[in-house]
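# A closer look at the structure
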Amino acid sequence: MVTNAQQTPELSQREEEPEWGAWNLSLYRRVDINQADMAPLMAVLLGVPIPINSLGVLPVEYLNTDWHFRAVALLTNARQILAQFQQQKQIIEDTTFSLFFRQFRDMMPKRQHELIEMIETLLKQSRYKEAVQVIEKFIELSLKGLVYYQKYDRLTLSIAVALGFTGWMAFVILLILRNYTGIMCKSLESQSNKRSQDWQGKVKIISTSILVLFLSTMLLYVQNARVMYYFYFLIPIILWTMVFYELDVYYEAKAYLRRFNVKMWFLTMTVVAISAMELVVLIPLLIVSCAFRALLQSIKVSNTALFLLVVVLSDFTALCLEGKVEC
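Residues numbered from 1 in each chain as written. Predicted model: local features only at pLDDT ≥ 70, side-chain atom pairs only at ≥ 80, totals over all residues. Heavy atoms only, no water.

With that settled, the discussion passes to the packing of helix α6 (residues 154-179) against helix α8 (residues 227-245). Interhelical geometry of α6 versus α8 gives an angle of 30 degrees and a closest axis separation of 8 Å. Our classification of the angle between α6 and α8 gives roughly parallel. The way α6 lies across α8 gives a crossing that is left-handed. Listed contacts from α8 to Thr156, Leu157, Ala160, Val161, Leu163, Gly164, Thr166, Gly167, Trp168, Ala170, Phe171 and Leu174 of α6 are Tyr229, Tyr232, Phe233, Pro236, Leu239, Trp240, Met242 and Val243. Partitioned by chemical class, the residues of the contact of α6 with α8 number 16 nonpolar, four polar and no charged. (Axes fitted to C-alpha atoms, helices over the stretch in contact; angles between N-to-C directions. Helix = DSSP H or I, 4+ residues; strand = E, 2+ residues; numbered from the N terminus. Parallel < 35°, antiparallel > 145°, perpendicular 65-115°, else oblique. Left-handed = near helix turned anticlockwise from the far one by under 90°. Contact = heavy atoms within 4.5 Å. Nonpolar A, V, L, I, M, F, W, Y, C, P; charged D, E, K, R; others polar.)

In structure tokens:
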């Protein structure tokens, strides 16, 4: 049993431990700094130009100098970030029609001119603290505008990629319904009559697709788009052309369900078709990836070439494994 006499030394020892104020740190305050801000800070301390691609903001509170030096150094940092903003804006503007180009509203040319004039006026009037505040706001707007132009095409590319995936899924489902179900089994006479009626519609689909492909290619070419943009925007057009070309399978499946009134069977068939589609896509891709794993470890291949190679080989493997069921 522990007595009070035994507890007293421990309590007295805890009471003797110094508090935070006893370390004499109350005169100091914590100032955090971002990793990117180290580049302009070290450049200013060493007296060398700020790296051209640096996105850091000079932390003026670390400079033990007068406010004039802080304002001038921060203004140099602002001009360096503004140059990146203008370059990124020019790249997007050169690859976008002027009719569709949307500028960053907070950093329009007129707004830039107003802020620069305000900063120069404050510096001439020796109001350096106020100039630092305006420059910090100027840098903040420049960074926001830079991010805006870096993500300018994100929404369009996301829509194109989503259309590509959904088009591929729809085409595989229609392909499975045509080749692996009895929906399309009809007499030869009905098939010949159906073909004579549908060939005009399919010709229209193909001609429309060719026209859309041509216009899209010309649009991308005029805008000096990157090579990968052609894949992003043209592949969905090709996939959806194949979907509309096989659209008669959808109508036959719809008529089949109405004729036999099997709604639950349709849901089951849809689940099976989606599962089969995933197997058709993922299993060949997994096989190809495993087969080339050892090869890619010894051969240096770029990421773009590797991606295209795996996709092409996986699709080729899926087509080779595909067979047709006779009705």
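A few words now on helix α4 (residues 109-124). The end-to-end C-alpha distance of α4, which contains 16 residues, comes to 23 Å, matching closely the 22 Å that a straight helix rising 1.5 Å per residue would cover. For α4, the complete set of buried residues consists of Gln112, Leu115, Ile119, Leu122 and Leu123. Looking straight down α4, one finds that the buried residues subtend no more than 100 degrees of arc, so they occupy a single side. Turned more than 90 degrees away from the buried face of α4, the exposed residues are Lys110 and Lys124. (Expected span 1.5 Å × (residues − 1). Buried < 20%, exposed > 50% of the residue type's maximum accessible area, 1.4 Å probe, protein only. Arc of directions from axis to C-beta.)

In the structure shown here, the tally under the stated rule is four salt bridges. Across the salt bridge formed by Lys144 and Glu140, the nearest N and O atoms sit 3.4 Å from each other. Taken together, the residues span about one helical turn, with Lys144 and Glu140 both in helix α5 (residues 128-150) at a distance of four residues. Under the relative-accessibility criterion, Lys144 is labelled partly exposed at 43%. (Salt bridge = Lys/Arg side-chain N within 4 Å of Asp/Glu carboxyl O.)

For the rest of this paragraph, the subject is the layout of surface pockets. Gaps left between atoms show up when a probe the size of a water molecule is rolled over them. In this structure, the second largest pocket occupies an estimated 750 Å³ of space. As for the second largest pocket, its lining consists of 26 residues, and the residues nearest its centre are Thr95, Thr96, Asp153, Thr156 and Tyr229. Elements with a contribution of two residues or more to the lining of the second largest pocket: α3 (67-94), α5, α6, α7 (188-222) and α8. Ranked by residues supplied to the lining of the second largest pocket, first place goes to α6 with four residues. Here the residues of the lining of the second largest pocket are counted per class, giving 13 nonpolar, eight polar and five charged. (1 Å grid on protein atoms, 1.4 Å probe; cavity = no way out; pocket = protein on both sides within 12 Å on 5 of 7 lines; lining within 4 Å. Points joined across faces, edges and corners; volume = space filled by probe spheres on them.)

Its 26 residues give α6 an end-to-end C-alpha distance of 37 Å, which sits within 8% of 38 Å, the value for a rise of 1.5 Å per residue. Within α6, burial applies to Leu157, Ala160, Gly164, Gly167, Phe171, Val172, Leu174, Ile176, Leu177 and Asn179.

Turning to a nonpolar patch on the surface, a few remarks are in order. Judged by side-chain polarity, Leu211, Phe214, Leu215, Met218, Tyr221 and Val222 come together as a nonpolar surface patch covering roughly 630 Å² of accessible area. For Met218, the position within the fold is in helix α7. (Patch = residues over 30% accessible without salt bridge, like charges linked within 9 Å, V, L, I, M, F, W, Y side chains within 5 Å. Areas by Shrake-Rupley, 256 points an atom, 1.4 Å probe, with all protein chains shown as cover.)

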